[in-house]
Amino acid sequence: MPDLIPPLVAQREGILRDIAELGDMRRGNITEVFRSCGKPGCCCSERKHPGHGPYYAFTTKVEGKTKTVQLRPGPRLAKFEREVETYKRFRSLIQQLLEVNEAICNARPLEPAAESETAILKKTGLQQNLWVKPENETCGNRPVEAADAAENAW
Ligand SMILES: [Zn+2]
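In this text the structure is predicted, and so the values were computed from the model without any measurement.

**Topic: the packing of helix H1 (residues 5-20) against helix H2 (residues 75-107)**
Part 1 of the reasoning: The geometry of H1 relative to H2 is characterised by a closest axis approach of 9 Å and an angle of 160° between their N-to-C directions. Comparing the axis directions of H1 and H2 gives the class roughly antiparallel. Crossing hand, H1 versus H2: left-handed. Taken together, the residues of H2 that come into contact with H1 (itself represented by Ile5, Leu8, Val9, Gln11, Arg12, Ile15, Asp18 and Ile19) are Phe90, Leu93, Gln96, Leu97, Val100, Asn101, Ala103, Ile104 and Ala107.
Part 2 of the reasoning: Its residues placed into classes, the contact of H1 with H2 shows 12 nonpolar, 3 polar and 2 charged.

Below you can see the structure in the form of structure tokens.
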């Protein structure tokens, strides 16, 4: 079997470099909104009129409360859009980082130190105690299944 780890580690380093280069980011969303002004006789009071706009609203959650910032088209809106986009990119890179890390964890053999630890435990007879399991526990396939389930959850 070819060693899977070096290419995965290279991939992880690439993702970390991308994260380091992201720049300013901001959590939240920008939505386009149309509003009626409420003035009698204004065209926006007609049923088919979508309302004035578009206006832009940046919303974010701060300690469980939604905070909104109204934005007009212009450099400030453009800045918010860049910052929000960067955050989305960050989220996507973090997802990739976790996936590649989990692949590394699955491919990584036991460290020699861990093996010698097992040997010491064997000698001292302590290992037996570590392997006591409840009777209804299923076989050793469980951790693999759990890993698959975690992958699907993403
Ligand atoms: Zn109006």
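**Quick word on the sheet that holds strand S1 (residues 29-35)**
Part 1 of the reasoning: Here we have 3 strands laid out as an open sheet, ordered S1-S2-S3, and antiparallel in their pairing. Only two strands of the sheet have a single neighbouring strand rather than two, namely S1 and strand S3 (65-71). With direction set aside, neighbouring strand axes in the sheet form an average angle of 35°.
Part 2 of the reasoning: Bridge analysis of strand S2 (residues 52-62) against S3 gives 7 bridges, and the strand direction is antiparallel. Bridge pairing in S3 links Lys61 to Thr66.
Part 3 of the reasoning: Here H2 sits on the sheet and contacts S1, S2 and S3; the angle it forms with S1, its principal contact strand, is near 140°.

Basis of the calculations
- Within each chain, residues carry numbers counting from 1 in the order of the written sequence.
- Only residues with pLDDT of at least 70 get local features here, since the model is predicted, and only at 80 or more are side-chain atom pairs given and counted; chain-wide, interface and lining totals rely on the full set of residues.
- Structural elements are reduced to axes, namely lines fitted to C-alpha atoms, with helices fitted over the stretch in contact, and the angle between N-to-C directions of any two is expressed from 0 to 180 degrees.
- Counting from the N terminus, the helices are DSSP H or I runs at least four residues long and the strands are E runs at least two residues long.
- Between 65 and 115 degrees an angle is taken as roughly perpendicular, under 35 as roughly parallel, over 145 as roughly antiparallel, and anywhere else as oblique.
- By convention, the crossing between two helices is left-handed when the near helix turns anticlockwise from the far helix through less than a right angle, and right-handed when the turn is clockwise.
- In this description, any two residues whose backbone-derived C-beta atoms lie within 7 Å of each other are considered to be in contact.
- Residue polarity is assigned by list, with Asp, Glu, Lys and Arg as charged and Ala, Val, Leu, Ile, Met, Phe, Trp, Tyr, Cys and Pro as nonpolar; anything else, Gly included, falls into the polar class.
- Paired strands are those between which DSSP finds at least two bridges.

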